[in-house]
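The residues making up each chain are set out below.
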Amino acid sequence: MQKKIVMLTAYSTPSAFIADNAGVDIILVGDSVANVVHGFKSTKEIGMEEMLLHVKACARAKPKALLVADMPYKSYSNSMLALENAKKFLDAGAKAIKIEGFDPKVMKTLTENKIKVMGHIGYLPQTDKKPIIKKDEKKLLEEALNLEATGCEWIVLELVPEKIAKLITEKISIPTIGIGSGRYCSGQVLVFHDLLGLNPVEFKPKYLKQYANLKKEAIKAVKQYAKEVRTGKFPQKKNCY
Ligand code: KIV
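Calculation rules
Residues numbered from 1 in each chain as written. Predicted model: local features only at pLDDT ≥ 70, side-chain atom pairs only at ≥ 80, totals over all residues. Heavy atoms only, no water. Near = heavy atom within 4 Å. Polar contact = N/O pair within 3.5 Å; in protein donor to acceptor, adjacent residues only side chain to side chain. Areas by Shrake-Rupley, 256 points an atom, 1.4 Å probe, with all protein chains shown as cover. 1 Å grid on protein atoms, 1.4 Å probe; cavity = no way out; pocket = protein on both sides within 12 Å on 5 of 7 lines; lining within 4 Å. Sits in = over half its atoms within 2 Å of the grid points. Nonpolar A, V, L, I, M, F, W, Y, C, P; charged D, E, K, R; others polar. Salt bridge = Lys/Arg side-chain N within 4 Å of Asp/Glu carboxyl O. Helix = DSSP H or I, 4+ residues; strand = E, 2+ residues; numbered from the N terminus. Buried < 20%, exposed > 50% of the residue type's maximum accessible area, 1.4 Å probe, protein only.

Draft legend 1. Inspection of the site of the ligand at higher detail. Close contacts around the ligand come from T9, L28, G30, D31, S32, D70, K98, H120, V156, I179 and V191, and that covers them all. At 2.5 Å, a side-chain N or O of S32 approaches an oxygen atom of the ligand. Contact between the ligand and K98: an oxygen atom at 3.0 Å from a side-chain N or O atom of the residue. Notes on the ligand: free accessible area 260 Å², of which the protein chains cover 95%. Under a 2 Å grid-point criterion requiring more than half of the atoms, the pocket assigned to the ligand is the largest pocket. Of the residues contributing to the shell around the ligand, the split by class is 4 nonpolar, 4 polar and 3 charged.

Draft legend 2. Inspection of the pattern of salt bridges at higher detail. Tallying each qualifying case throughout the model produces 10 salt bridges. For K98, the salt bridge identified is with D70, shortest N-O distance 2.9 Å. In this pair, K98 sits in strand 4 (residues 96–98) while D70 sits in strand 3 (residues 66–70), placing the two residues 28 residues apart along the sequence. For the residue pair K98 and D70, the accessibility class agrees, reading buried in each case. The salt bridge involving K134 is made with D128; its shortest N-O contact spans 2.9 Å. Look at K134 and you get partly exposed, because its relative accessible area is 22%. The network of salt bridges with shared partners includes E202, K204 and K215.

Here it is as structure tokens:
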């Protein structure tokens, strides 16, 4: 079996440090930061300014993993804007950028300027109103082939039926990275806070495997701290100067 690509999102120095030390291949500074860090309902709420801060924070962890910056909503509405913003991400420490959907002009401009691009097809959180499984096999395959032809180096497949994701993976020569797209993609991506169980509101879609419940652990630790302050158990002599 070919070695699968492991991608995880991160948004801060500690989360990038954790992902990198766990040995992931790619760290994606996803615009999902809008939901899981800033508490917005939509990824549309986040812009270049915030994304650049998150990319810089992740770059400070000096990851060995490839650092990929997600281009936020409206940051790639035309080729020149896309190029200008992609360069800002590279200056901030990213090694590649990810773009939702397929705009041939934008893609070509970026790849012709030697920028490494990750495509993203299937469910597109920036433009689709709600999470939806994308089932149009012909359209998805066409988009994947077009992305490959314009020099894209990876493609994220989000909420694509397993059978279609398998077909796309077989038909193109660049890796596919799936989220909710089944077992046959070249790799998988999950959102940091989803994997670790850090979301304030339960979020457990079928595709997600939650590997820890850090929210519960964190609340337990903070409760213990509060109790010890209130009962005079903390700080102790050893904590004093
Ligand atoms: O922003 C993000 O986290 C993403 C992944 C879900 C692929 O785009």
